[in-house]
Amino acid sequence: MRNLTRKIRVAIVGLGEVSLNHYNALKNTKYGELAGVFSHSKDRVEEIAKAWETKPYYSFRELINDPSIDALIICSADEHHHDQAVEAMRAGKHVLVEKPLALSAREVADMARVSIETNRVLMPVHNYIFRPKVKRAKELIKSGAIGEPTYALFIVTQRLSEEVARRHHGALFTQSYHSIYTSNYLLGPPIEFQAMWGTLTYRKVKSDEVFVATLRYRNGALGNIVANWAADDLSSYPFMWLDKIIGTKGTITINSFDDVVSSLQAGSFMMGKTVDYVESFKGVVGHFIDDVLAEGHKPEQSIYDALLVHDIIEGLKESAESGRRIKYELLSLEQLIDKYS
């Protein structure tokens, strides 16, 4: 364990809705300290700096050139993630970056290369695996408590209007990203898959509105990843965010709505209703600051895990566009960096 003489000073970059979860999580860490905030909006950065009682930074360059800042949590718009993370690492900062890390596998590979060159920690916000239920599911699968996994389902059913969808990047890239890294964490990367996508209700947005993939895992089990923006599940047991692993001796069901559901705050449905979702940020931020930066542990989810997700997404896109089943070759971090260079 490292001998810390002071707190790890962290700045939050990008002050949209999700930044509040990171701020609340940061306050619950043992070693972390909020040292500043940055937004491209002067009014926003002043508003949040006052509310959170911290320093406002009016330019990103000013922030990363501040030697008192140890790390950044990047919550800005997706298109800024790559450049901000690369600049921060080159300035000596460690970075925790919201998903997706960037808009392409090529950009993520570049971020990975810079992380290696600068010896800075680059960790993705794969917050869903930090939910206690998912941790427990991993232990149950590893111990053999549910027997041999035979089938897995990772499904998101949540209606997104065209107006909202226009600000995102499709059901596969935006929603199934979570399902892919959770699937990889629980069952390992797939060895083959086939995908389809389509649009049912959108008229102007050129985006996959419904995405379905069938996967085969190394042990022979099959699974489905489903993202549906076309409709809400209005049943009493909704498939809004549901993961299920069916084994030969037992079944694991992970649903945010099985635990505490309440009106926590204004904002999106997930952030305002499901305590399970909000608390997942305590896990990922606490791990980044306390376990990785302060105590020197290896990240549970690394830049390699993020690059794997992007590589699988590229394969799923190819399958959906061509109609072909894809044999997936698992590459090392170095091989993935070379692939997308």
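Before reading further, recall that the structure is shown in the block above.
So, how was this worked out
- Residue positions within a chain follow its written sequence, with the count starting from 1.
- In view of the model being predicted, local features appear only for residues whose pLDDT reaches at least 70, and side-chain atom pairs are presented and counted only at 80 or more, with totals across whole chains, interfaces and linings using the full set of residues.
- Values shown for side chains rest on all heavy atoms present in the structure; no hydrogens or waters enter the calculation.
- Counted as salt bridges are all cases of a side-chain nitrogen of Lys or Arg within 4 Å of a carboxyl oxygen of Asp or Glu.
- Under the DSSP-based scheme used, a helix requires at least four consecutive residues in state H or I and a strand at least two consecutive residues in state E, with every element numbered from the N terminus.
- The buried label goes to any residue with under 20% of its type's maximum accessible area, the exposed label to any with over 50%, and the partly exposed label to all in between, with areas taken from a 1.4 Å probe on protein chains only.
- Aromatic pairing here means that ring centres of Phe, Tyr or Trp (its six-membered ring) are within 6.5 Å. Orientation follows from the plane angle: under 30 degrees is stacked, over 60 is edge-to-face, and everything else is tilted.
- In our convention, an over-ring charge means Lys NZ or Arg CZ found within 6 Å of a ring centre and within 35 degrees of that ring's normal.

*Asks:* Would you explain the pattern of salt bridges in this entry?
*Replies:* Side-chain pairing between opposite charges can occur once the charged atoms of the two side chains come close. As enumerated under the stated definition, the model contains 15 salt bridges in all. One salt bridge connects Glu33 with Arg9, and the closest N-O pair in it is separated by 3.1 Å. On the criterion of sequence distance, the pair formed by Glu33 in strand 2 (residues 32–38) and Arg9 in strand 1 (residues 8–13) is long-range, its members being 24 residues apart. Judged by its relative accessible area of 32%, Glu33 falls in the partly exposed class. A residue is classified by how much of its surface remains accessible, and Arg9, at 24% relative accessible area, is partly exposed. Of the charged contacts in the structure, one is a salt bridge between Arg159 and Glu209, with a shortest N-O distance of 3.2 Å. Within this pair, whereas Arg159 is found in the loop between strand 7 (149–157) and helix 7 (162–165), its partner Glu209 is found in the loop between strand 8 (192–198) and strand 9 (210–216), the two being separated by 50 residues in sequence. On the basis of relative accessibility, which here comes to 33%, the residue Arg159 falls in the partly exposed class. Connected through salt bridges with shared partners, the residues Glu192, Arg216, Arg325 and Lys327 form a single ionic network.

*Asks:* Explain unusual backbone geometry here, please?
*Replies:* One can expect most non-glycine residues to show negative phi and most peptide bonds to be in trans. Lys99 connects to Pro100 through a cis peptide bond whose omega is -10 degrees. Looking at where Pro100 falls in the secondary structure, it is placed in the loop between strand 5 (94–97) and helix 5 (105–118). Even without being glycine, Glu53 reaches a positive phi, approximately 55 degrees. Positioned with a positive phi, Asn119 is a non-glycine residue whose angle comes to about 55 degrees. Its location among the elements puts Asn119 in the loop between helix 5 and strand 6 (122–124). Of the residues examined, Asn119 reaches a relative accessible area of 61% and is grouped as exposed.

*Asks:* So what exactly am I meant to see when it comes to the packing of aromatic side chains here?
*Replies:* Under the definition given, this model contains 7 aromatic pairs. Where Tyr23 meets Trp52, the ring centres are 4.1 Å apart and the plane angle is 5 degrees; that geometry is what we call stacked. Residue Tyr23 is located in helix 1 (residues 17–27), and its partner Trp52 is located in helix 2 (residues 42–52); the two are separated by 29 residues in the primary sequence. Exposure class is identical for Tyr23 and Trp52. Each is buried. Through a chain of ring-to-ring contacts, three or more aromatic side chains come together here, namely Tyr128, Trp241, Tyr277 and Phe281. Positioned above the aromatic ring of Tyr185 is the side chain of Lys138, whose terminal nitrogen or guanidinium carbon lies 4.9 Å from the ring centre.

By themselves, these observations are geometric and do not establish any function.
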